[in-house]
Amino acid sequence: MVTPYTPAARFRRTQAERVDQVLSWRRTDQAFFAAGACHVLAWVAAEQYAAAGFGITGLRQHLEPYVSHVIISNGRWAFDHDGWTPLPELLRATAEYEPEPSWELLPITSTLRDFCAAQNHRMPEQYAHDPLPRARRYLRQRPRPPEAV
């Protein structure tokens, strides 16, 4: 049984959290990796699961200039702040939560540094603390389900 997906937008940072990296850092792991550090979690997860066919994918609302959420996916399953979710469920719940405008998936093949520069995202060294160990711990807490192979 798959638990319904919780859209990343439910965890949007407040203006204070956007400005204050310590305040942003103090949020729960799920909130931190849903909004503000999803790309860091995606790069860590992609390192772990690239051999299993998972690649980095950005979600962008139609006509928006920047990717607003980053996941890994193999086209059937996805991993992000909410753990492992069938990709259609993630897309359905995201579109239901924010239906206008529509969402598009963009494969991301660049380095983390190039992605951050192009998409206006923070590099790991721009956070209050190093988010990479936190992302690795979070990933270990959510082992890949067998059906996601």
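Residues numbered from 1 in each chain as written. Predicted model: local features only at pLDDT ≥ 70, side-chain atom pairs only at ≥ 80, totals over all residues. Heavy atoms only, no water.

*Asks:* In this structure, what is going on with the environment of threonine 94? I would like to understand it.
*Replies:* Structurally, threonine 94 can be placed in helix H5 (residues 87-97). Overall, threonine 94 belongs to the buried group, its relative accessible area being 9%. Measuring from C-alpha to C-alpha, the distance between threonine 94 and tyrosine 5 comes to 8.3 Å, with 89 residues separating the pair along the chain. When sequence neighbours within four positions are dropped, the list of residues in contact with threonine 94 reads Tyr5, Pro7, Leu59 and Trp103. Looking at threonine 94, its side chain comes within polar contact range of the main-chain oxygen of leucine 90, at 2.8 Å. (Helix = DSSP H or I, 4+ residues; strand = E, 2+ residues; numbered from the N terminus. Buried < 20%, exposed > 50% of the residue type's maximum accessible area, 1.4 Å probe, protein only. Contact = heavy atoms within 4.5 Å. Polar contact = N/O pair within 3.5 Å; in protein donor to acceptor, adjacent residues only side chain to side chain.)

*Asks:* Honestly, empty space enclosed by the protein in this entry has me stumped. Any pointers?
*Replies:* Empty space left among the atoms is revealed by rolling a probe the size of a water molecule over them. Enumeration according to the criterion identifies one cavity of 30 Å³ or more in this entry. Reported here for the largest cavity is a volume of approximately 30 Å³. If you trace the largest cavity, you find it lined by Phe33, Cys38, Leu41, Ala42, Ala45, Val70, Ile71, Phe79, Asp80 and His81. For the lining of the largest cavity, the secondary structure elements donating two or more residues are helix H4 (38-49), strand S2 (69-73) and strand S3 (77-80). For the lining of the largest cavity, the element with the most residues is H4, which contributes four residues. Among the residues making up the lining of the largest cavity, the classes are represented as eight nonpolar, one polar and one charged. (1 Å grid on protein atoms, 1.4 Å probe; cavity = no way out; pocket = protein on both sides within 12 Å on 5 of 7 lines; lining within 4 Å. Points joined across faces, edges and corners; volume = space filled by probe spheres on them. Nonpolar A, V, L, I, M, F, W, Y, C, P; charged D, E, K, R; others polar.)

*Asks:* Would you mind showing me how to read the pattern of salt bridges here?
*Replies:* Side chains bearing opposite charge may pair, as long as their charged atoms lie close to each other. Counted under the stated rule, the structure contains six salt bridges. Of the charged contacts, one joins arginine 92 and glutamate 89 as a salt bridge, the two residues approaching to 2.8 Å between their closest N and O atoms. Highlighted residues: arginine 92 and glutamate 89, both in helix H5, separated by three residues, approximately one helical turn. Exposure remark for arginine 92: the relative accessible area of 38% places this residue in the partly exposed category. With a shortest N-O distance of 3.4 Å, glutamate 125 and arginine 113 are connected by a salt bridge. A residue pair is termed long-range when its members are at least 10 positions apart, and glutamate 125 in the loop between helix H6 (112-119) and helix H7 (131-140) and arginine 113 in helix H6 qualify at 12 residues. In this structure glutamate 125 comes out as exposed when scored by relative accessible area, which is 54%. Relative accessible area serves as the criterion here: at 49%, arginine 113 is assigned to the partly exposed category. Shared partners join several salt bridges into a network, and the residues in it are Glu89, Arg92 and Glu96. (Salt bridge = Lys/Arg side-chain N within 4 Å of Asp/Glu carboxyl O.)

*Asks:* Would you take a moment to explain the layout of surface pockets for this structure?
*Replies:* Put simply, the largest pocket is a space of about 670 Å³. For the largest pocket, the lining is made up of 26 residues, of which Arg13, Arg18, Val67, Ser68 and His121 are closest to its centre. Across the lining of the largest pocket, the residue classes break down as 11 nonpolar, nine polar and six charged.

*Asks:* Got a minute to help me understand the nonpolar core in this structure?
*Replies:* Soluble globular proteins tend to bury their nonpolar side chains together. Ile56, Val70 and Ile72 are the most contacted members of the largest nonpolar core, which has 30 residues in total. Among the elements of the structure, helix H3 (29-34), H4, S2, S3, H6 and H7 are those that each provide at least two residues to this core. No other element matches the nine residues that H4 contributes to this core. Not counting chain neighbours up to four residues away, the residues in contact with valine 70 comprise Cys38, His39, Ala42, Trp43, Ile56, Thr57, Gly58, Asp80, Ile108 and Phe115. Formed by eight residues, the second largest nonpolar core is a distinct cluster that contains Tyr5, Ile71, Ala78 and Trp103. (Core = buried A, V, L, I, M, F, W, Y, C linked by side-chain atoms within 4.5 Å.)

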